[in-house]
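# Report on the structure
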Amino acid sequence: MLELSILGFLDEGPLHGYELKERIQGLSGHVRPVSDGALYPAITRLVRNGLVDSRTEPGAGAAPRRTLSLTPEGRAELRSRLRSPKDAEITDGQRFFTLLAFLGRLPDPAEQAAVLRRRLAFLTTPASFFYEGGAPVRAEDEPDPFRRGMLRIARATGTEEKAWLAETLEELDRKAAAAQAP
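Calculation criteria
Residues numbered from 1 in each chain as written. Predicted model: local features only at pLDDT ≥ 70, side-chain atom pairs only at ≥ 80, totals over all residues. Heavy atoms only, no water. Helix = DSSP H or I, 4+ residues; strand = E, 2+ residues; numbered from the N terminus. Rg over C-alpha atoms; globule rule 2.2 N^0.38 Å. Buried < 20%, exposed > 50% of the residue type's maximum accessible area, 1.4 Å probe, protein only. Core = buried A, V, L, I, M, F, W, Y, C linked by side-chain atoms within 4.5 Å. Contact = heavy atoms within 4.5 Å. Expected span 1.5 Å × (residues − 1). Arc of directions from axis to C-beta. Phe/Tyr/Trp six-rings, centres within 6.5 Å; stacked < 30°, edge-to-face > 60°.

Another point: the overall build of the chain. Scanning the chain for helices and strands turns up 8 helices and 5 strands. Scanning the chain from its N terminus toward the C terminus, one meets helices and strands in the order α-β-α-α-β-β-α-α-α-α-β-β-α. Whereas a compact globule of 182 residues would reach a radius of gyration of roughly 16 Å, the chain reaches 20 Å, over 25% beyond that. Across its three principal directions, the C-alpha atoms of the chain cover 65 × 50 × 25 Å. Put simply, the chain has 182 residues, and 35% of those count as buried.

As structure tokens, this is what we get:
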């Protein structure tokens, strides 16, 4: 997800490493803090693979600063990752939020909708944090008040997310149809 975040933010425009780190921190928040030990090797990999360009500019003080920008190959890679996210990027909530943050960079509404349909299919599959006899435990059947709380919160969040997905899919389908109309 770190590389997707780097590519996504650089698709919005060139950034210095520190600015990029701040934006990634804002997106992932306290859930998954970004260390320099993870960020800068990822940037180096992307530069080495020709997806990101790095140039040194004079800094505001004495130290020079690296400015990072997306190459055309990096833009193509970003679009490819958005078009075909890994299963974990659909099923893991935080990873999906990262994907969602940049899905608007994918120009085709039909491709955007395909990604959202994968998420909706995942959300409509019966699941739970807890199982009994191979079946998901429902909040109403959970005697532990804390587990019951987990299940109720997850259900409420899932219900709202499914409603948003349905609304957004309708909108994207209209846009895709309009784009195909003569």
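Ranked by size, the top nonpolar core spans 32 residues in total, and within it Ile6, Leu20 and Leu82 carry the most contacts. Going through the elements one at a time, helix H1 (2–11), helix H2 (17–28), helix H3 (36–48), strand S3 (65–70), helix H4 (72–83), helix H6 (93–103), helix H7 (109–123) and helix H8 (145–180) are the ones with two or more residues in this core. In terms of residues, this core owes the most to one element, H1, which gives 5 residues. Apart from residues lying up to four places away in sequence, Ile6 is in contact with Leu20, Ile24, Leu39, Ala42, Ile43 and Leu46.

Here the focus is H4. The end-to-end C-alpha distance of H4, which contains 12 residues, comes to 16 Å, matching closely the 16 Å that a straight helix rising 1.5 Å per residue would cover. Of the residues making up H4, those classed as buried are Gly74, Leu78, Arg79 and Leu82. The arc that holds the buried residues of H4, viewed along the axis, is 140°, so those residues lie on one side. Buried residues along H4 sit against H1, S3, H6 and H7.

Before going further, it helps to spend a moment on the packing of aromatic side chains. Scanning all chains against the criterion turns up 2 aromatic pairs. With centroids separated by 4.9 Å and ring planes inclined at 90°, the aromatic side chains of Phe9 and Phe102 adopt a geometry described as edge-to-face. One end of the pair, Phe9, is in helix H1; the other, Phe102, is in helix H6, with 93 residues separating them in the sequence. In terms of burial, Phe9 and Phe102 fall into one category: buried. Plain terms: the ring middles of Phe129 and Phe130 are 6.2 Å apart, the flat faces sit at 55° to each other, and that makes the pair tilted.

Just distances and angles here, no functional claims.
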